[in-house]
Amino acid sequence: MKGRRPGPGGRLASKSRPKHKHREDVGSKKRLFTERQQLNYRLHSVSCTGTEVHLSMCAFEFYRGNTSAACTAGMPAVVSCLPGPLFATGSAHKKKQRQQQQGQPRIRLKGGAKVGEGRIEVLKSSEWGTICDDRWNLLSASVVCRELGFGSAKEALTGARMGQGTGPIHMSEVQCSGTEQSLWSCPFKNITEEDCKHSEDAAVRCNIPYMGYENLIRLSGGRSRAEGRVEVAVGAGGGQPRWGLVCGEGWGTLEAMVACRQLGLGFANHGLQETWYWDASNVTEMVLSGVKCEGHEMSLSHCQHHGASLNCKNTGTRFAAGVICSETASDLLLHAPLVQETAYIEDRPLHMLYCAAEENCLSSSARLANWPYGHRRLLRFSSQIHNNGRADFRPKAGRHSWVWHECHRHYHSMDIFTHYDILTPNGTKVAEGHKASFCLEDTECEEDVAKRYECANFGEQGITVGCWDLYRHDIDCQWIDITDVKPGNYILQVVINPNFEVAESDFTNNAMKCNCKYDGHRIWVHSCHIGDALSDEANKRFEQYPGQLNNQIS
């Protein structure tokens with residue numbers, strides 16, 4: 001924020017002006033004088049050091065008595081603010097800021113529903129980690145906000161209020177004075193895992209510019225203010241805006257996340273393609289179609305869409321898009337070390353794979369095999385999936401619509417819960433597998449967390465916050481069929497909730513990658529990590545992995 005201090009006599013200091021502007025100056029001064037008489041002044045003699053997070057923390061004096069007659073020799077204080085990267089307009093400005101921010105940032109926010117809030121993560125030794133909340137305060141939080149291009153901090157949050165992080169905890173007892181350009185310039189302590197746990201991860205809510213996006217969207221027909229049919233304003237530039245509906249075709253969780261963010265209602269619980277049961281508005285015209293969001297946008301207008309060329313097969317109001325928003329969301333991630341520890345190859349006889357073939361758990365070449373003779377080569381491993389969010393992970397479909405599979409004798413609550421892929425270093429897929437969620441339950445939980453979900457006796461499925469679900473290596477479909485894969489160096493990739501069927505606070509940590517070497521008989525799996533856990537540079541090194549020269553994996 002750039003401010004201009006008043007000069008002598010309380011006026012804003014300015015350079016001397018040319019004489020030919022004298023008449024204009026007199027006229028403008030009269031107008032300002034007239035306007036000034038209508039203002040009520042509350043403060044004067046405001047003196048800040050620059051480290052304060054709010055104007056009320058500066059030294060100042062109150063005007064007493066008749067406030068409209070105050071500041072007769074002065075003028076209202078004026079400030080000019082510089083927008084951060086997310087709010088800057090104009091290509092020249094953006095280009096300048098890109099030049100200023102060359103290289104990857106060393107700080108980021110994760111798990112927040114709104115722009116400018118989230119768990120703080122910092123980059124150290126090419127690995128992202130969190131900050132312990134010991135002595136965490138507004139001064140330090142404001143340094144984070146300014147470093148990220150926001151205003152000062154609104155709240156300094158403790159106790160993993162934005163969900164728990166993973167990996168190392170890089171900082172503790174951060175003590176900023178408020179003038180630092182970066183959090184790394186503040187005094188802090190290095191700690192061990194015994195000193196602080198991820199249940200103490202620090203977070204922040206920053207002050208951000210008022211953009212007015214929430215005035216261009218509304219919900220109608222819902223049972224509460226957090227749900228309903230989505231209506232958007234078009235032509236709001238001049239005069240009265242025209243409200244219309246959003247086409248439900250292609251509308252999903254990512255689009256609903258953006259809509260809920262724009263509304264200021266947190267995360268999306270559901271994105272709905274039909275809303276006939278919320279027919280309570282006189283708005284019937286479809287004005288937006290082809291909406292395709294990445295999930296991080298601040299407004300639906302920032303997503304891809306058809307623009308003025310509306311293209312919607314079903315234009316009736318029952319096919320308008322809707323949302324159900326929630327203040328909290330789940331956050332699933334895979335325990336990477338367990339994949340590395342449990343990976344092995346099994347040559348499984350075809351006569352033991354009939355049920356797996358029925359559920360499409362084998363590669364397409366298995367259809368041409370000489371059943372029941374021969375075998376398939378399977379890369380097997382265990383998956384331990386944690387819920388580190390702030391809400392339970394529940395299947396999108398209720399029990400009434402789960403699908404019964406007679407061969408394995410269980411219900412599927414989600415057809416595709418996990419994708420398994422073997423990729424070449426350049427990203428070409430050479431083998432794939434998938435896992436349906438036939439039983440989402442709390443296998444184990446943290447000390448103070450009680451299990452809530454159990455599959456036995458057609459029980460409710462889900463993963464409680466602070467619990468994890470374990471799919472053991474020895475169950476059907478917990479594998480990738482690598483029968484047709486040639487020896488070489490590959491990347492093993494596992495992606496949870498790949499189709500974004502269930503809303504999460506963070507989808508960037510749903511993928512896990514490992515380097516692996518296959519010699520035709522054995523496989524070595526190593527360097528497993530969550531997809532966004534490393535720096536950009538470290539990820540490039542990982543993807544350009546030249547392969548093992550021997551059997552020793554360091």
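This is a predicted model, so every value here is computed, not measured.

Enquirer: How would you explain the nonpolar core if you had to name every residue and give the values?
Expert: If you look at the biggest cluster of nonpolar residues, it comprises 37 residues, and the most contacted ones within it are Phe381, Phe417, Leu492 and Met512. For this core, the secondary-structure elements that each account for two or more residues are strand E17 (332–334), helix H5 (336–342), strand E23 (414–423), strand E26 (467–471), strand E28 (488–496), strand E29 (511–518) and strand E30 (523–530). The residues touching Phe417, leaving out its near neighbours within four places in the chain, are Leu332, Ile385, Phe393, Lys435, Ala436, Ser437, Leu440, Tyr471, Val495, Ile496, Asn497 and Pro498. The next biggest cluster of nonpolar side chains, apart from the first, holds 29 residues, and it includes Val232, Val287, Val291 and Ala329.

Enquirer: Give me the pattern of salt bridges: which residues, what numbers.
Expert: Counted by the stated rule, this structure contains 27 salt bridges. For Arg399, the salt bridge is made with Glu460, and the minimal N-O distance between the two is 3.5 Å. Taken as a pair, Arg399 in the loop between strand E20 (383–387) and strand E21 (403–405) and Glu460 in the loop between strand E25 (444–445) and E26 lie far apart in primary sequence, 61 residues in all. On the basis of relative accessible area, Glu460 is assigned to the partly exposed category, the value being 34%. The network of salt bridges with shared partners includes Arg108, Lys110, Arg119, Glu121, Asp506 and Asp532.

Enquirer: How would you sum up the environment of Met171? Please name residues and give values.
Expert: With respect to the element layout, Met171 can be found in strand E9 (residues 169–171). Its relative accessible area of 0% is what places Met171 among the buried residues. Separated by 25 residues in sequence, Met171 and Cys196 place their C-alpha atoms 9.8 Å apart. For Met171, the contacting residues outside a window of four places in its chain are Val122, Thr130, Ile131, Cys132, Leu183, Trp184, Phe188, Lys189 and Ile191.

Enquirer: Describe helix H3 (residues 138–147), and please don't skip the residues or the numbers.
Expert: What sets the pattern is the α-helix's 3.6 residues per turn: residues three or four places apart point alike. Within the sequence span of H3, burial applies to Ser140, Ala141, Ser142, Val143, Val144 and Cys145. On the buried face of H3, the contacting elements are strand E5 (107–110), strand E6 (117–124), strand E8 (153–157) and strand E10 (203–206). Between the side-chain oxygen of the N-cap and the backbone nitrogen of Leu139 there are 3.2 Å, and the N-cap of H3 in question is Asn137. Phi turns positive one or two residues past the end of H3, at Gly149, with a value near 90°.

Enquirer: Outline the environment of Arg108, supporting the account with residue identities and numerical values.
Expert: Mapped onto the elements of the fold, Arg108 is located in strand E5. Sequence separation of Arg108 and Thr130 is 22 residues, and the distance between their C-alpha atoms is 9.9 Å. Setting aside its immediate chain neighbours within four residues, Arg108 contacts Arg119, Ile120, Glu121, Trp128, Leu148 and Asp532. Within the structure, Arg108 has its side chain in polar contact with the side chain of Glu121 (distance 2.8 Å). A distance of 3.0 Å separates the side chain of Arg108 from the backbone oxygen of Asp532, its partner in a polar contact.

Enquirer: Break down the sheet that holds strand E27 (residues 479–481) for me, with residues and values.
Expert: Taking strand neighbours across the sheet as the criterion, the three strands line up as E18-E19-E27 in an open arrangement whose pairing is antiparallel. Looking at which strands have only one partner, the edges of the open sheet turn out to be strand E18 (344–349) and E27. Averaged over all neighbouring strand pairs, the angle between strand axes comes to 35°, with direction disregarded.

Enquirer: I'd like a description of the sheet that holds E20, backed by residues and values.
Expert: Spatial ordering of the open sheet is given by E17-E20-E26-E25, a layout of four strands whose pairing is antiparallel. A strand with exactly one partner marks an edge of an open sheet, and here the two such strands are E17 and E25. As paired strands, E17 and E20 are joined by three bridges and run antiparallel to one another. In the sheet register, Leu334 faces E20, and the bridge partner there is Ile385.

Enquirer: Explain the side chain of His170 to me, using residue names and the numbers behind them.
Expert: Note that His170 resides in strand E9. Residue His170 is classed as buried on the basis of its relative accessible area, which comes to 8%. From its side chain, His170 meets the backbone oxygen of Glu127 in a polar contact 2.9 Å long. In contact with His170, not counting residues within four places along its chain, are Val122, Lys124, Glu127, Trp128, Gly129, Thr130, Phe188, Lys189 and Asn190.

Enquirer: Can you lay out the packing of aromatic side chains for me, pointing to particular residues and giving the numbers?
Expert: Within this structure, the stated rule accounts for ten aromatic pairs. Arranged with centres 5.5 Å apart and planes meeting at 90°, the rings of Trp402 and Phe458 form a pair that is edge-to-face. Of this pair, Trp402 sits in the loop between E20 and E21 while Phe458 sits in the loop between E25 and E26; the two residues are 56 residues apart in sequence, bridging distant segments of the chain. Looking at Phe458, the relative accessible area reads 35%, which means it is partly exposed. With centroids separated by 4.8 Å and ring planes inclined at 75°, the aromatic side chains of Phe500 and Phe507 adopt a geometry described as edge-to-face. Here a set of aromatic residues connected by ring pairs shows up, and it is made of Trp276, Tyr277 and Trp278. In this structure, Arg106 is placed above the aromatic ring of Trp184, and the distance from its NZ or CZ to the ring centre is 4.4 Å. Sitting above the plane of the Phe458 ring, Arg399 keeps its charged end 5.4 Å from the centroid.

Cut-offs applied
- Residues numbered from 1 in each chain as written.
- Predicted model: local features only at pLDDT ≥ 70, side-chain atom pairs only at ≥ 80, totals over all residues.
- Heavy atoms only, no water.
- Core = buried A, V, L, I, M, F, W, Y, C linked by side-chain atoms within 4.5 Å.
- Buried < 20%, exposed > 50% of the residue type's maximum accessible area, 1.4 Å probe, protein only.
- Helix = DSSP H or I, 4+ residues; strand = E, 2+ residues; numbered from the N terminus.
- Contact = heavy atoms within 4.5 Å.
- Salt bridge = Lys/Arg side-chain N within 4 Å of Asp/Glu carboxyl O.
- Polar contact = N/O pair within 3.5 Å; in protein donor to acceptor, adjacent residues only side chain to side chain.
- Pairing = 2+ DSSP bridges.
- Axes fitted to C-alpha atoms, helices over the stretch in contact; angles between N-to-C directions.
- Phe/Tyr/Trp six-rings, centres within 6.5 Å; stacked < 30°, edge-to-face > 60°.
- Lys NZ or Arg CZ within 6 Å of the ring centre and 35° of its normal.

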